[in-house]
Every structure is written in C-alpha cells, then in structure tokens.
Amino acid sequence: MAAPAAVSSFPSSSSVAHRPQRRLPAAGRGTRTLLPPARTVASSRAPLVVSSPPPTPAPAPAPAPGQPKVDRSGRFCSPRAARELALMVSYAACLEGADVVRHLDRRVAARREDGYVFNKASLQSYNFMSFCGGPLEVATEEEAQKLMSQNEKVSANEAEVLSAPPRLVYNNFVLRLARDMLVAVASGWDQHVEVINKIIPQHWKDEPVARIIELCILHIAMAEMTSRGTPHKVAINEAVDLAKRFCDGGAPRIINGCLRTYVKDHINNGPSQPAESKA
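The shown structure was predicted, so the numbers you read here are calculated from the model rather than taken from an experiment.

Rules behind the numbers
- Residues numbered from 1 in each chain as written.
- Predicted model: local features only at pLDDT ≥ 70, side-chain atom pairs only at ≥ 80, totals over all residues.
- Heavy atoms only, no water.
- Helix = DSSP H or I, 4+ residues; strand = E, 2+ residues; numbered from the N terminus.
- Buried < 20%, exposed > 50% of the residue type's maximum accessible area, 1.4 Å probe, protein only.
- Contact = heavy atoms within 4.5 Å.
- Areas by Shrake-Rupley, 256 points an atom, 1.4 Å probe, with all protein chains shown as cover.
- pLDDT = per-residue confidence, 0-100.
- Core = buried A, V, L, I, M, F, W, Y, C linked by side-chain atoms within 4.5 Å.
- Expected span 1.5 Å × (residues − 1).
- Bend = angle between axes of the 7 residues up to and from the residue.
- Axes fitted to C-alpha atoms, helices over the stretch in contact; angles between N-to-C directions.
- Parallel < 35°, antiparallel > 145°, perpendicular 65-115°, else oblique.
- Nonpolar A, V, L, I, M, F, W, Y, C, P; charged D, E, K, R; others polar.
- Salt bridge = Lys/Arg side-chain N within 4 Å of Asp/Glu carboxyl O.
- Phe/Tyr/Trp six-rings, centres within 6.5 Å; stacked < 30°, edge-to-face > 60°.

1. With respect to the overall build of the protein
Right, on to step 1. Counting secondary structure elements, the protein contains 11 helices and two strands.
Right, on to step 2. Along the chain direction, N to C, the helices and strands of the protein fall in the order α-β-α-α-α-β-α-α-α-α-α-α-α.
Right, on to step 3. For the protein, the residues scored as buried account for 48% of the 279 residues in total.
Right, on to step 4. In the protein, 81% of the contacts between residues at least 6 apart in sequence involve partners at least 24 apart.
Right, on to step 5. Entry remark: accessible area of the protein is about 13800 Å², with carbon and sulfur atoms responsible for 52%.

This is the structure:
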C-alpha cells in the first residue's frame, strides 16, 4: 500500500500553514521550538469563555519517587523529558526534511550566542503535566484578563525552556535516551508508515501535513514498543500525555485507539515482542 507523501517522508516547512493554533516561535538560537496550543479567551460578554488553566491552578504534581524532575545540576533528568525532546526534534526535522538523529546532534552541538544567559529557575516552573482543558466560564473581564496574563507567563516560560540549548536543559541521561528513541524512530520509519496508514482515521489521511505532530507521536510510541521494549501500557500512556500537551481536539483519544489497535493486530499477533524494559 502506497503511503501518502506527507506521511512517508519529511515534508517541507512550507506545508504547515494548516495548523495556525500550533505556535512555533522563533527560538532566537537557530532552532524552532514546539509549544502546546495557545490558550485563548473568547471575545464575548458575560459569561466570558476562557480556556484552561482554571482560576486557581493546582500545583504541579510531585515527581515520582526516585525520579526527580531535575538532577543536582538543575537539569531535567526524567524519561518524560526525553520523550518531549524526541517529539520536538522529530517535528522540527519533518519541517526541514532532515534526518531526525542528525537534527538532534546538530542542536546539541550548536554553539551558544555570545552573551546568552539561560535562567535555570524556568526549569523549576516548567510543568510536563500541563494539559489543555475544556472551556472555562468567568463572570468578569478582570478575571479573564488575569487568566490571559497567567497563560502568557506559562507560554513564555515554556518557550524559554524549549528554545534553550539542550545541554543547559537536559542532563546526559535524557540526551542519550532521546537519541536512542530517535534512532529507533528512524530505523522503523518505513515499516511504521505502512502500519500507521492502516490504523489512522480517514480525515488524518486527508490532511497528513496538518497532522505532523500526531504522526510523530505515533512513530515514537511504536519505536519504543518494538525497538526499545518499552511496556505497551507505558508507551501508550506517554503518547497520550504528549498528545494532550501538544495536540488539540480528539487527538489524544485517537492516538490511544490507534496504538491499542497496533498492539493488538501488529504486535500480539505479529513477531514476538522484545523483552520488556523500564521506560
């Protein structure tokens, strides 16, 4: 079965105008960074409809025992950080038509601009579990402005983190893990394209260029399960969380269903699965 060109190959950067809600601000350091969809406030009178976060946001969840969000050097050290980095690099490589592994290597080796200073305090404020929620109603314009201001601060912090030189943000474990994931993605790309074309919904096939992020998430999850032996449940849950952060609409539900179908029809009924290992 022939795969659509935009799914089987890395499309050019001129083909991404279909998803304006995905903000890709210029990094200022020679990179393009992937950010969660912008949260907006509708221009209506009482009640004003505002997207999440709620008026009184809950604090970021505590990191799991033995898996702190940052290490002693103050850099990200969790597998979640590696998956986010792998997704960001995969997306940027698709836009440029570049090899995913080489793109990561170039980013890691890139020299910093003279005078550039990174504020490590932004890592402490970064929340990997900051998901886009449903509409929120507020009663006053003042409350809406307060939420918009909060959203802008969160977005600015995420932009600072995601556009910073990788070695300032991620420790060596995360960089190695992200690279291993991208090596697995590249080696299984053609095979997974054929499978993806069978399991994604028709409207994704009709607009593959507008679904680059979603397709990258599927590639990463499949590569984790087949090449790295990540437990199916872990890979699927992580993929769904990435979709909640960086996609919109029903993407998390669709990705969950696609990956479950992949496990059922192409792993459990296919070649023997690699031995499970920790994520």
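2. Topic: the confidence of the model for the protein
Right, on to step 1. The predicted model of the protein has a mean per-residue pLDDT of 77, with 70% of residues at 70 or higher.
Right, on to step 2. When the elements of the protein are averaged for pLDDT, strand 1 (residues 48–51) gives the smallest value, 42, and helix 3 (residues 100–109) the largest, 96.
Right, on to step 3. Taken together, the stretch residues 37–55 has pLDDT below 50 and engages in 60 contacts with residues farther than four places along the chain or on a different chain.

3. Some details on the nonpolar core
Right, on to step 1. Core analysis: the largest hydrophobic core is formed by 70 residues, its most contacted members being Phe76, Tyr170, Ile217, Leu218 and Leu259.
Right, on to step 2. No other element matches the 13 residues that helix 7 (residues 172–199) contributes to this core.
Right, on to step 3. With near-sequence residues (within four places) excluded, Leu259 lies in contact with Leu218, Ala221, Met222, Met225, Ile236 and Ala239.

4. Some points on helix 7
Right, on to step 1. Here helix 7 contains 28 residues, and its C-alpha end-to-end distance of 35 Å is more than 12% below the 40 Å for a straight helix at 1.5 Å per residue.
Right, on to step 2. At Trp189, helix 7 shows its largest bend, some 65°.

5. Describing helix 2 (residues 79–96)
Right, on to step 1. Its 18 residues place the ends of helix 2 26 Å apart at the C-alpha level, agreeing with the 26 Å of an ideal helix rising 1.5 Å per residue.
Right, on to step 2. Taking burial as the measure, the 18 residues of helix 2 include 17 buried ones, the bulk of the element.
Right, on to step 3. Immediately beyond the C-terminal end of helix 2, within one or two residues, lies Gly97, with a positive phi of roughly 70°.

6. As for the packing of helix 2 against helix 3
Right, on to step 1. Two elements in contact, helix 2 and helix 3, have axes separated by 9 Å at closest approach and are oriented at 110°. One way to sum up the angle between helix 2 and helix 3 is to call them roughly perpendicular. Together, Leu85, Met88, Val89, Ser90, Ala92, Ala93 and Glu96 of helix 2 and Val100, His103, Leu104, Arg106 and Arg107 of helix 3 make up the contact between the two elements.
Right, on to step 2. When its residues are assigned to classes, the contact of helix 2 with helix 3 shows seven nonpolar, two polar and three charged.

7. A few points about the pattern of salt bridges
Right, on to step 1. Tallied over the full model, the rule gives 11 salt bridges.
Right, on to step 2. For the salt bridge of Arg106 with Glu96, the shortest nitrogen-to-oxygen distance reads 3.7 Å. With Arg106 in helix 3 and Glu96 in helix 2, the pair connects residues that are 10 residues apart, well separated along the chain.
Right, on to step 3. The partly exposed category is assigned to Arg106, whose relative accessible area is 46%.
Right, on to step 4. We classify Glu96 as partly exposed; its relative accessible area is 44%.
Right, on to step 5. Put simply, Arg179 and Asp105 hold a salt bridge, and the shortest N to O gap is 3.0 Å. Taken together, the residues Arg179 in helix 7 and Asp105 in helix 3 connect sequence positions 74 residues apart.
Right, on to step 6. With a relative accessible area of 34%, Arg179 lands in the partly exposed category.
Right, on to step 7. The exposure class assigned to Asp105 is partly exposed, which follows from its relative accessible area of 30%.
Right, on to step 8. Residues joined by salt bridges that share partners form a network here, namely Arg80, Arg83, Glu224, Glu238 and Asp241.

8. A word on the packing of aromatic side chains
Between two aromatic rings, the relevant description is the distance of the centres plus the angle of the planes.
Right, on to step 1. Under the criterion given, the structure shown has four aromatic pairs.
Right, on to step 2. Centroid distance Phe76 to Phe128: 4.8 Å. Interplanar angle 65°. Geometry classified as edge-to-face. Of this pair, Phe76 sits in the loop between strand 1 and helix 2 while Phe128 sits in the loop between helix 4 (121–125) and strand 2 (135–138), placing them 52 residues apart in sequence.
Right, on to step 3. On the basis of relative accessibility, which here comes to 1%, the residue Phe76 falls in the buried class.

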